[in-house]
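Here's the letter readout for the chains.
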Amino acid sequence: MQRRVEEFLDRLPEMDLMRSEKMTFVQLIFPFESAHRAVSYLGDFGLVQFRDLNEEKSPFQRTFVNQVKRCAEMSRKLRFLREQINKAGVMLPDTLAVQSDIDLEELETQLGEHEHELIEMNSNTERLQHTYNELLEFKMVLQKAGGFLFSGKEHSVLEERELEENVFSNNGYVETASLIDKEMRPATSEQSGLNFISGIVCKSKAIMFERMLFRATRGNMLFNQALADEVVLDPVTAEEVEKIVFTVFFSGEQAKKKILKICEAFGANCYSVPEDIVKQRQMTREVLSRLSDFEATLDAGLRHRNKVLSSIALQLPKWTNKVRREKAVYDTLNMLNFDVTKKCLVGEGWCPIFAKTKIQEALHRATFDSNSLVGIIFHVMDSVDSPPTYFRTNKVTNAYQEIVDAYGVAQYQEANPAVYSVITFPFLFAVMFGDWGHGICLLLGALVLIAYESKLSNKKLGSFMELLFGGRYVLLFMSLFSIYCGLIYNEFFSVPFYIFGRSAYECRDSSCSDAASVGLVKVRDAYPFGVDPKWRGSRSELPFLNSLKMKMSILLGMTQMNLGIILSYFNARFFGSSLDIRYQFVPQMIFLNSLFGYLSLLIIVKWCTGAQADLYHVMIYMFLSPADDLRENELFWGQRPLQIVLLLLAIVAVPWMLFPKPFIQRKLHLERFQGRTYGILGTSEMDIESEPDSARRHHHHEEFNFSEVFVHQMIHSIEFVLGAVSNTASYLRLWALSLAHSELSTVFYEKVLLLAWGYDNFIISAFLHALRLHWVEFQNKFYHGDGYKFKPFSFALLMDEDE
Amino acid sequence: MYGFEALTFNIHGGYLEAIVRGHRATLLTASDYNNLCQCETLDDIKMHLSATEYGPYLQNEPSPLHTTTIVEKCTLKLVDEYKHMLCQATEPLSTFLEYITYGHMIDNVVLIVTGTLHERDVQELLEKCHPLGMFDSIASLAVAQNMSELYRLVLVDTPLAPYFSQCITSEDLDDMNIEIMRNTLYKAYLEDFYRFCQKLGGATAEIMSDLLSFEADRRAVNITINSIGTELTRDDRRKLYSNFGLLYPYGHEELAVCEDIDQVRGAMEKYPPYQSLFSKLSYGESQLLDKAFYEEEVKRLCLAFEQQFHYAVFFAYMRLREQEIRNLMWISECVAQNQKSRVHDSVIFIF
């Protein structure tokens, strides 16, 4: 019988995703001349994970440090170019230009030239911009400060010449003002001994500036300021700076020195404004004409620069790609070791077995392409390290694998829960989220994400959108299952619909007033699919739904947990550990099923027979007084003896899973090492020399510590026994959330406004609960998750990481 | 005395303490220094630093590097971290953090004033200032002609204003005056910081009083050694010592009358913590004293991380990072000037 089962199991077709790819440890010996090409071909192929053989060396002690430095320098130049391009607002092309192969040396010189050219252009523009700014500031100072001078003088003039006010009153012409000014200026200025300095300063510094001036002159000054009309472009940072024009009136030579010093300290540019209005005008004119000249030059310069930049932009992605690849190749080459003759590079690493022939092909191609006389040697080695875990996923299964990996990466060749999660995860989510209205909304969202898949996958999305996009197929499955569960629950935004025919129930009278208190009458056959819509709001609604969802949760939980334990059987079989099957899998199965499996049986029997038995009572008294008569709670004949047998089995199963395994392990260990007082000699000196840095690094000293093993087994057993209760109870969250969901959506439906809010929240909580049920209740039955991921040297992955 | 910091500290200080401890973990270790000391060129140093937290700050520097660029970028990182912490801090931690920078402020003021005295370009001087000690009107320090102007024009707006009360004279500025001003300001600053920490109480007060006392004592010794053979009178010298610390008051009396380095040594060896420090030095030696003091300081600063729920970790972190930058500067200078034999002279391993 057992042999039959095993034969059957052996004949089952292999599931790809169930076990991680078979890996092998390989050694590659590259002749020096073909090493670079070979490594870059391997990067294209992307299925070899190199091991760092120079871990003890610091980065600049490695062989190819100069090349890495050059690549770093080039990528710095590329960053500089990209920054310049972004600053100038030139668009980068989306797609990569045609992959013509460029030489690295050539690229290096090209980049150097471009950088040089740009820096020169920038400094030119900066100089121009600087002069232009000066002129612009001068213009503004002329306009504004001129204004201060006149208003100040006009004021004094008005005071002195009140009589003439009638003549010139309020006509506001500059001409008139200047007429007076011409007459009065020299006199006023010299009489009071008043000097002035005008200039321009950053708006943010203006207050401090004024205060400092005030303090330095002990208040003997007059400060006029006005906001400049135009913003000035800072030539270095290319930011627009708001400035104010100021004029300080003061007296005395000492004060002048101080003020000039303060101006210098605050970066205020001073410009001398002639007091003569005619000169002033003339100057303004001059400045304006020079300004327009400069503008033209600046514009021309800018156009030229943009042209250069856009021609660079066209090539930039290609160059970036090239440099990144080269750097990765040299980084990998740095992980290799020289062999004794110093003519070859020796590398070690992991690769999947299926890729071996392809790798060899690539290596042959590399030898051929680089005209090397000596081929690259590629051979399989033994390793003590456990191999990395590598699953070949596609875009649908990838998201599920990620969910599992987030808990822990599978041990090498361990049963992969992702296989089952593809269906069970969205299904458990849907049990909590059953509403086909909500499901359709979710479906639309998922379909949109999938429809724009090719477009979105190249774009940079926000962190939240990225999450949604990554899980688009999870969303799709979740929505499909929610529609299915929603149809069973018969809820469309919490409203029942008559889709599959007429209800089996009717009210007792036409007013239907007692439906909520007394109940309904059954008039025809049961509603064909899902929950009868008539029950919504009636007396039987809650008791029925509660009973349905609660019992369903337990059944689903039992199924999933049993699946978990069965997977532990497959694991044990796969790794050939009969000990685990006999002393772990079997008692676990017996314990769980004799208690909660029995409960599931009772639930099904009760559903089928429509009996009134109280299952709580049955379960509780099965422990408290198993010998008592069940009376009205008896569901089938022979239930009492069955209960006693099951209880005894459960009690026996506990020591069964606790004691034998550690003792047998100790016995096996003692037998194996009997009489062996000396350790085994490892590889001799000769071997070490012939195989540099091979497996000799890690010697696993298998020490058997009985107390440790026993404590571990004890913890494991206790966890399982207690877990059987708590995990089963944990599955009741399916019921609770499903109930909460339907209640909440009823409330939201009544207060439509809240619809969107509650919806979002609930998806997340249902998702998290489904996640927990998988990570904890399901995976703790069999999943170790202490492996490490296969990280191949691959250019494709490199691109993903950088973007 | 210990309060119940553990009960409430994390409400405001927990996040930042976590941050600062995270920063501490990124300080260069002995193996990093060993690698750095083996570097042949400044590019090697850059390459090694690119694997550390300094990486992003140095990666965009074009290749012929200078020591100043390395130091500048490393300081920039410290400043960025400091600013981030200051933005997140609430009272009284924010005040505490601000106190840390006052020392740099004093140094910057002195730098600018001395510079203008020797007719240096202000812009050039500003570049040499420590970015942590910058304040708005620092450039206008050049305007001042004497102490009182210095105070009235510029410093009255800065946090240094209260420390200035003791050095307002209308004397013209000269090198000696400025040096005395620096020490007076420093004395007032340390005393104020000390009082502030005492007011905070708890572990902060305890640890900070240890660290600040050490700082005060070190300054006292330095003042004494530097003033030997100058025209500074004993009383003036005595006035520059901070009024707290292990040496206060009797040690100060002895230091004030010292005439040569061996007398200083004699005075200091009466204090057990400093005895061990001096015992490593031969008689008449003052060159290695600085390094010995730095090493002792680093040791004490590292110990500050052993306790939780106090602010001294921020002080300690800033100081350690500054020491690290000094180390990097020394290493880079040695590498740049081909003096690799001297590279170990002044590097102080932090861990």
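Just so you know, the residues in each chain are numbered from 1, in the order the chain's sequence is written. By the order in which they are written, chains take letters starting at A while ligands take numbers starting at 1. Since the coordinates come from a predicted model, pLDDT governs what is reported: local features require at least 70, and pairs of side-chain atoms require 80 or more to be given and counted, while whole-chain, interface and lining totals use all residues. The side-chain quantities take in all heavy atoms of the structure and omit both hydrogens and water.

**Description of the overall build of chain A**
So, point 1. Every helix listed is a DSSP run of H or I at least four residues long, and every strand listed is a run of E at least two residues long, numbered separately from the N terminus. For chain A, the helix and strand inventory stands at 26 helices and 13 strands.
So, point 2. When burial is assessed residue by residue, chain A has 45% of its 803 residues classed as buried.
So, point 3. Contacts between residues were defined by any pair of non-hydrogen atoms, one from each residue, lying within 4.5 Å. For chain A, restricting intrachain contacts to residue pairs at least 6 apart in sequence, the fraction spanning at least 24 positions comes to 82%.
So, point 4. To measure how exposed things are, a 1.4 Å probe is used in the Shrake-Rupley method; for residues, cover is taken only from the protein chains shown. With the model as given, the accessible surface of chain A reaches about 44,100 Å², and the carbon-plus-sulfur share is 58%. Note on exposure labels: buried denotes an accessible area under 20% of the residue type's maximum, exposed denotes more than 50%, and partly exposed covers the range between, all computed with a 1.4 Å probe on protein chains only.

**Remarks on the overall build of chain B**
So, point 1. Looking only at helices and strands, chain B features 17 helices and zero strands.
So, point 2. Based on C-alpha atoms, the radius of gyration is set beside the globule rule, defined as 2.2 Å times the residue count to the power 0.38. In terms of C-alpha radius of gyration, chain B reaches 21 Å, essentially the compact-globule figure of 20 Å for 351 residues.
So, point 3. Carbon and sulfur atoms make up 51% of the accessible area of chain B, which amounts to about 15,600 Å² in all.
So, point 4. Only four residue types enter the charge count: Lys and Arg as positive, Asp and Glu as negative, with His and the chain ends excluded. Here the site of a charge means NZ on Lys, CZ on Arg, CG on Asp, or CD on Glu. When the 30 basic and 51 acidic side-chain charges of chain B are each reduced to a single mean position, those positions are 3 Å apart.

**Considering the interface of chain B and chain A**
Interface size is often expressed as the accessible area that is lost when the parts come together.
So, point 1. The interface is formed by 28 residues belonging to chain B together with 22 residues belonging to chain A.
So, point 2. Here chain B and chain A share an interface that buries about 2,100 Å² over both sides, 57% of which is from carbon and sulfur atoms.
So, point 3. Throughout this description, the term salt bridge denotes a Lys or Arg side-chain nitrogen within 4 Å of a carboxyl oxygen of Asp or Glu. Along the contact surface separating chain B from chain A lie three salt bridges.
So, point 4. In this structure, the salt-bridge partner of Asp44 of chain B is Lys69 of chain A, at a minimum N-O distance of 2.8 Å.
So, point 5. Those elements giving two or more residues to the side of chain B that touches chain A turn out to be helix 4 (42-50) and helix 9 (147-153) of chain B.
So, point 6. With five residues, the top contributor of residues to the side of chain B that touches chain A is helix 4 of chain B. Summed over both partners, the accessible area lost on bringing two parts together, with a 1.4 Å probe, is the buried area.

**Details of the environment of Ser292 of chain A**
Residue and element names in this part refer to chain A.
So, point 1. Here Ser292 shows up in helix 9 (residues 277-333).
So, point 2. Take Ser292: its relative accessible area is 42%, and that puts it in the partly exposed class.
So, point 3. Separated by 336 residues in the primary sequence, Ser292 and Asp628 have C-alpha atoms spaced 108 Å apart.

**A few points about a nonpolar patch on the surface**
All names here are of chain A.
So, point 1. Residues with no salt bridge and a relative accessible area higher than 30% make up the patches, which join like charges within 9 Å and nonpolar side chains (Val, Leu, Ile, Met, Phe, Trp, Tyr) within 5 Å. The grouping of Tyr484, Phe497, Ile499, Phe500 and Phe529 at the surface amounts to a nonpolar patch, some 430 Å² of accessible area in total.
So, point 2. Relative to the helices and strands, Ile499 resides in the loop between helix 16 (472-489) and strand 12 (505-506).
So, point 3. Note on Ile499: relative accessible area 41%, which makes it partly exposed.

**Some thoughts on the nonpolar core**
Most often, soluble globular proteins keep nonpolar side chains buried together rather than apart.
So, point 1. The biggest cluster of nonpolar side chains holds 179 residues, and the ones touching the most others in it are Phe30 and Phe209 of chain A together with Phe96, Phe193 and Phe314 of chain B.
So, point 2. Top contributing element to this core by residue count: helix 17 (residues 312-336) of chain B, with 13 residues.
So, point 3. Side-chain atoms within 4.5 Å link the members of a nonpolar core, which is a set of buried Ala, Val, Leu, Ile, Met, Phe, Trp, Tyr and Cys residues. Judged by nonpolar contacts, the second largest core, of 85 residues, contains Ala415, Met432, Leu475 and Ile603 of chain A.

**Section: the pattern of salt bridges**
Residues and elements named next belong to chain A.
So, point 1. The tally for this structure, following the rule as stated, stands at 45 salt bridges over all chains.
So, point 2. Residues Glu21 and Arg392 are paired through a salt bridge, measuring 3.1 Å at the closest nitrogen-oxygen approach. Taken together, the residues Glu21 in the loop between helix 1 (2-11) and strand 1 (23-31) and Arg392 in the loop between strand 11 (377-381) and helix 11 (395-407) connect sequence positions 371 residues apart.
So, point 3. By relative accessible area, Arg392 is classed as partly exposed at 46%.
So, point 4. Across the salt bridge formed by Glu326 and Lys322, the nearest N and O atoms sit 3.4 Å from each other.

**Let's talk about the environment of Phe767 of chain A**
All names here are of chain A.
So, point 1. Here Phe767 shows up in helix 25 (residues 755-778).
So, point 2. Phe767 gets classed as partly exposed once you look at its relative accessible area, which sits at 26%.
So, point 3. Beyond its immediate chain neighbours, meaning those up to four positions away, Phe767 contacts Phe425, Phe429, Val474 and Met478.

**Some thoughts on helix 11 of chain A**
So, point 1. Three or more residues of helix 11 of chain A are buried, namely Thr397, Ala399, Tyr400, Gln401, Ile403, Val404 and Asp405 of chain A.
So, point 2. For helix 11 of chain A, the capping residue at the N-terminal end is Asn394 of chain A, with a side-chain oxygen 3.1 Å from the backbone nitrogen of Val396 of chain A. Polar contacts here mean pairs of N or O atoms no more than 3.5 Å apart (in protein, one a potential hydrogen donor and the other a potential acceptor; neighbouring residues in sequence count only if both atoms are side-chain atoms).

**Concerning the sheet that holds strand 4 (residues 221-227) of chain A**
Residue and element names in this part refer to chain A.
So, point 1. Being paired, for any two strands, means DSSP has found at least two bridges between them. Read across the open sheet, the four strands follow the order 4-7-3-8; overall the sheet is antiparallel. Only two strands of the sheet have a single neighbouring strand rather than two, namely strand 4 and strand 8 (269-271). Averaged over neighbouring strand pairs, the angle between their axes works out to 25° when direction is ignored.
So, point 2. Judged from the nine bridges that link them, strand 3 (residues 194-202) and strand 7 (residues 243-251) form a sheet pairing that is antiparallel. Think of each axis as a best-fit line through the C-alpha atoms, taken over the contacting stretch in the case of a helix, with angles from 0 to 180 degrees between the N-to-C directions.

**Observations regarding the packing of helix 10 (residues 175-200) of chain B against helix 11 (residues 202-227) of chain B**
All names here are of chain B.
So, point 1. Two numbers describe how helix 10 lies on helix 11: the axes approach to 8 Å, and their chain directions differ by 165°. Considering their axes alone, helix 10 and helix 11 lie roughly antiparallel with respect to each other. As helix 10 packs across helix 11, the resulting crossing turns out to be left-handed. Here Arg182, Asn183, Tyr186, Leu190, Phe193, Tyr194, Cys197, Gln198 and Leu200 of helix 10 come into contact with helix 11, specifically with Gly202, Thr204, Ala205, Met208, Ser209, Leu212, Ser213, Glu215, Ala216, Arg219 and Ile223.
So, point 2. When the residues that make up the contact of helix 10 with helix 11 are grouped by side-chain class, the tally is 11 nonpolar, six polar and three charged. For classification purposes, angles smaller than 35 degrees are called roughly parallel, those larger than 145 roughly antiparallel, those between 65 and 115 roughly perpendicular, and all remaining angles oblique. Left-handed describes a crossing whose near helix is turned anticlockwise from the far helix by less than a right angle; the clockwise case is right-handed. Amino acids are sorted into nonpolar (Ala, Val, Leu, Ile, Met, Phe, Trp, Tyr, Cys and Pro), charged (Asp, Glu, Lys and Arg) and polar (every other residue, Gly among them).

**Remarks on a negative patch on the surface**
So, point 1. Together, Glu264 of chain A together with Glu72, Asp121, Glu124 and Glu127 of chain B give the surface a local cluster of negative charge.
So, point 2. Along the chain, the position of Glu264 of chain A falls in helix 8 (residues 253-265).

**Comments concerning the packing of helix 6 (residues 67-88) of chain B against helix 17 of chain B**
Residues and elements named next belong to chain B.
So, point 1. For the pair helix 6 and helix 17, the least separation of the axes is 9 Å and the interaxial angle reads 170°. One finds that helix 6 runs roughly antiparallel with respect to helix 17. On the side of helix 6, the interface is formed by Thr67, Ile70, Val71, Cys74, Thr75, Lys77, Leu78, Glu81, Tyr82 and Met85, while helix 17 contributes Phe314, Tyr317, Met318, Arg321, Glu322, Ile325, Leu328, Met329, Ser332, Glu333 and Ala336.

**A few points about the confidence of the model for chain A**
Residue and element names in this part refer to chain A.
So, point 1. In the predicted model, chain A carries a mean pLDDT of 81, and the fraction of residues at 70 or more is 87%.
So, point 2. In the model, residues 157-191 has pLDDT below 50 throughout and makes 20 contacts with residues more than four positions away in sequence or in other chains.
So, point 3. Residue-level confidence of the predictor is summarised by pLDDT, bounded by 0 at the bottom and 100 at the top. In the model, residues 682-701 has pLDDT below 50 throughout and makes 21 contacts with residues more than four positions away in sequence or in other chains.

**Section: the side chain of Ser594 of chain A**
Residue and element names in this part refer to chain A.
So, point 1. Following the sequence through the fold, Ser594 ends up in helix 18 (residues 578-609).
So, point 2. Engagement of the side chain of Ser594 in a polar contact is seen with the backbone oxygen of Phe591, the distance being 3.2 Å.
So, point 3. Sequence-distant contacts of Ser594, that is, excluding residues within four places in its chain, are made with Met622, Leu646 and Ala650.

**Observations concerning unusual backbone geometry**
So, point 1. Residue Pro92 of chain B is bonded to the preceding Glu91 of chain B through a cis peptide linkage, with omega at -5°.
So, point 2. Structurally, Pro92 of chain B is set in the loop between helix 6 and helix 7 (93-117).
So, point 3. Across the junction of Tyr248 of chain B and Pro249 of chain B, the peptide omega takes the value -5°, indicating a cis bond.
So, point 4. Considering the arrangement of structural elements, one finds Pro249 of chain B in the loop between helix 12 (234-240) and helix 13 (250-256).
So, point 5. Although it is not a glycine, Asn371 of chain A adopts a positive phi angle of roughly 55°.
So, point 6. Among the secondary structure elements, Asn371 of chain A is positioned in the loop between helix 10 (356-369) and strand 11.
So, point 7. Overall, the relative accessible area of 67% leaves Asn371 of chain A in the exposed class.
So, point 8. Backbone geometry places Asn338 of chain B, a non-glycine residue, at a positive phi of 55°.
So, point 9. Inspection of the secondary structure assignment puts Asn338 of chain B in the segment after helix 17.
So, point 10. Given a relative accessible area of 65%, Asn338 of chain B falls into the exposed group.

**Notes on helix 2 (residues 14-25) of chain B**
Residues and elements named next belong to chain B.
So, point 1. Helix span, as expected, comes to 1.5 Å for every residue beyond the first. In this model helix 2 runs 17 Å from its N-terminal to its C-terminal C-alpha over 12 residues, within 8% of the 16 Å that 1.5 Å per residue would give.
So, point 2. Among the residues of helix 2, those classed as buried are Gly14, Leu16, Glu17, Ile19, Val20 and His23.
So, point 3. In the core, the buried residues of helix 2 are packed alongside helix 1 (5-12), helix 6, helix 7 and helix 17.

**What about the pairing of strand 3 of chain A?**
Residues and elements named next belong to chain A.
So, point 1. Here strand 3 lies mainly inside the structure; seven of its nine residues are buried.
So, point 2. Taken together, the three bridges between strand 3 and strand 8 define a ladder with antiparallel strand orientation. Among the inter-strand pairings, Ser198 is bridged to a residue of strand 8, identified as Tyr271.

**So, the packing of aromatic side chains**
So, point 1. The rule is short: rings of Phe, Tyr and Trp, with Trp giving its six-membered ring, pair when the centres are within 6.5 Å, and they are stacked under 30 degrees, edge-to-face over 60, tilted in between. Per the counting criterion, the structure on display carries 55 aromatic pairs over all chains.
So, point 2. The aromatic ring of Phe574 of chain A is capped on one face by Arg19 of chain A, whose charged end is 4.1 Å from the ring centroid.
So, point 3. Two limits define a charge over a ring: the Lys NZ or Arg CZ must be within 6 Å of the ring centre, and within 35 degrees of the ring normal. Over the ring of Phe305 of chain B we find Arg24 of chain B, and its NZ or CZ is 5.0 Å from the ring centre.

**Some remarks on the confidence of the model for chain B**
So, point 1. The share of residues in chain B with pLDDT of 70 or more is 97%, and the mean pLDDT across the chain is 86.
So, point 2. The ipTM assigned to the predicted complex is 0.76, against a pTM of 0.74.

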